[in-house]
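# Chains, contacts and geometry: an overview
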Amino acid sequence: MADLIVLYRGQPLLREGLETTLTIGRARDNDVCLLDGTAPYHARLERVGDETILTPKDGPVFLNGERLVGARPLRDGDLFDVGGYRCQFFENTRSLFNPLTHEKTATATTQSTPASDRRALPTIHFLTPEKKKFRRTRILIGRAPSSDLALDNVFVSSQHAEIFFHDGEYRLRDLHSRNGTFLNDLRTTERPLPPAGTIRLGRFSLPYQIDGPPKGAANGDAPGVTLSGIRPGEAERLLVGSSKAFQSLIERLKKIAPGNDSVLLLGETGTGKDLIAQFLHSENPRRRTGPFVAVNCAAIPQTLAESQLFGHVRGSFSGAVGDHRGYFQEAHKGTLFLDEVGDLPLETQARLLRVIEDGYVRPVGGNRDIALDVRLVFATNRNLDKSRGDGKFREDLFQRFQWVLKIPPLRERREDIPHLVRYFLMRHAPTPVGFTEETLAVLQRLPWPGNIRELNRAVRRAITNALSHGSDVASLEDFELEGGPVRVSHDGSKVSEIRQEKRRVLKETLASLNGNISHAAQALGVSRVTIHKWIDEDGIDPGEFR
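One structure accompanies this document, and this report is about it. (Residues numbered from 1 in each chain as written. Predicted model: local features only at pLDDT ≥ 70, side-chain atom pairs only at ≥ 80, totals over all residues. Heavy atoms only, no water.)

## A few points about the pairing of strand β6 (residues 51-56)
Heads up, the condition is: Residue burial is assigned from relative accessible area. The probe radius is 1.4 Å, only protein chains are included, and a residue is buried under 20% of its type maximum, exposed over 50%, and partly exposed in between. Comment: elements are numbered from the N terminus, with helices defined as DSSP H or I runs of at least four residues and strands as E runs of at least two. Note on pairing: DSSP must find at least two bridges between two strands before they are called paired.
Across the six residues of β6, five count as buried, placing the element largely inside the fold. With six bridges connecting them, strand β5 (residues 43-48) and β6 associate as antiparallel partners. Of the residues in β6, the one forming a bridge with Val-48 is Glu-51. Between the end of β5 and the start of β6, which pair antiparallel, lie two residues, with Gly-49 showing a positive phi angle near 65°. Strand direction decides the pairing type here: β6 and strand β9 (residues 72-73), joined by two bridges, are antiparallel. Across the sheet, Leu-54 pairs through a bridge with Arg-72, a residue of β9.

Structural data, given as structure tokens:
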């Protein structure tokens, strides 16, 4: 199905699917009702065979900067202006970039840039009023402080223009600015950028120069599996890896995804269980158009767990002033991801049995069952074998999981670390940042107890630190690894030092907070579940600090 994106003053306004006919205008009976500068029945879009025909009606329509006379078929990515609105047409929704994924930009084409292009972007240098450089798929220019390139000039609109990377080149696009956008003194709506020139925003000149990516920059393709955005306005992600452990996991996921079986994901914190759950959802042809609802069970108060999951009816308990749809009902026709399921109280676990078995839920205080069509994906970082033995997790619930998948920790797929580092640099660095082979070798030998999440945080620190002292190559010190700058010997002897440092910090924190685990979690910026895991790993007794 084709899609139409409507932008107003450079901001995304709505996205409308196009199956047969779509009318645009000021009158209320239009399919898309737009009020600013539009005629009552301004334009019409109609699907004829495999083509979409745009026809002006009561008002003028400008297609790709030229006034449209008569009907014309649209091509994928075409732009047309209707009154005070800009619209963009997409033929293939799988390549659609929803502009809501980036609150600053109005570009709807940049996400369709091939992954290889996005990882090998040239650098664009702005030479005045201050030297700045960017290497990204979209750059917003305007007077607003939130702009990527903020210009304090009265002739520049709040969101004046944008530069985006598409089909191997940077392009300049005006965003309905007040004083116009010019490229080398030629007024433009949208135009490719030559290697050097001057962009003029009203009366403000902005000379620039474009060159290639720097040596050592993250410009290679990251191997892995593309994960399309599943929530409104969410950009695509990537499950990165080429190791044998990663490929084996992906093969199993592709086999399981099309079905309706319940899945339990077992893995340490930070291994990407949430992304894997999203992959199962997006690769299921029946579920991908439905909702994906993610719930952190550890964050739900035990007294409210059943109400949050199954819903409640008015008057079922004190404070229930109205009916409440639970997470199960919200996920109808889609996927419900219950993370940290091992933290649910036993009573709630018992109620899950029937939902898994026959697909019915009964809201708290209700007198009738509700049939639901939900694919269930569970996850936990707990040792469920131990929890079952201790009576903290129901054996009969565990036996209801049709698939149990173990997610390998990062230390078991070290060959993926270079790919992950390059991917995070590409994803987070506002300007080109590279790294040395020595740094990469050190990163591969570290234990990474926080797995991919910890590596991601380290890369983001490295980007900030490198750019703060004007370098485009991140050094080992820029990563601020646990315990300070770390230089690991080839035999990995630094691992024990890192563990000792973690144990020391944890004990000092617990001692200063009288053994309060919740306060320690807040002080260290981690979850209570992580604190409990560290306590178990290091054999620490919080009671000795109380």
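## What to know about unusual backbone geometry
What is expected of a backbone is that most residues other than glycine have negative phi and most peptide bonds are trans. For Trp-448, which is not glycine, the phi torsion reads 50° and is therefore positive. A positive phi angle, close to 55°, is found at Asn-514, a residue other than glycine. By the element assignment, Asn-514 lies in the loop between α12 (494-512) and α13 (517-524).

## Considering the packing of helix α9 (residues 417-428) against helix α10 (residues 437-445)
Applied cut-off: With axes taken as lines fitted to C-alpha atoms, and helix axes fitted only over the stretch in contact, angles between N-to-C directions fall between 0 and 180 degrees. Any angle between 65 and 115 degrees counts as roughly perpendicular, while under 35 counts as roughly parallel, over 145 as roughly antiparallel, and the rest as oblique. Whether a crossing is left-handed or right-handed is set by the direction in which the near helix is turned from the far one by less than a right angle, anticlockwise for left-handed and clockwise for right-handed. Contacts: residue pairs with any heavy atoms within 4.5 Å of one another. For this classification, the nonpolar set comprises Ala, Val, Leu, Ile, Met, Phe, Trp, Tyr, Cys and Pro, the charged set comprises Asp, Glu, Lys and Arg, and every other residue, Gly included, is treated as polar.
Between α9 and α10, whose axes approach to 9 Å, the crossing angle comes to 120°. By the criterion of interaxial angle, the relationship of α9 to α10 is oblique. Pair α9 / α10 crosses with right-handed handedness. Across from Ile-417, Pro-418, Val-421 and Arg-422 in α9, the residues of α10 making contact are Glu-437, Leu-440, Leu-443 and Gln-444. Per-class residue counts for the contact of α9 with α10 are five nonpolar, one polar and two charged.

## Points about the pattern of salt bridges
Short version of the rule: One side-chain nitrogen of Lys or Arg within 4 Å of one carboxyl oxygen of Asp or Glu is enough to make a salt bridge.
Scanning the entire structure with this criterion turns up 22 salt bridges. Between Asp-343 and Arg-382 there is a salt bridge, with its nearest N and O atoms 3.1 Å apart. Taken as a pair, Asp-343 in the loop between β27 (335-339) and α6 (346-358) and Arg-382 in the loop between β30 (375-380) and α7 (384-389) lie far apart in primary sequence, 39 residues in all. For Arg-382, a relative accessible area of 34% gives the class partly exposed. Between Asp-358 and Arg-354 there is a salt bridge, with the nearest N and O atoms lying 3.1 Å from each other.

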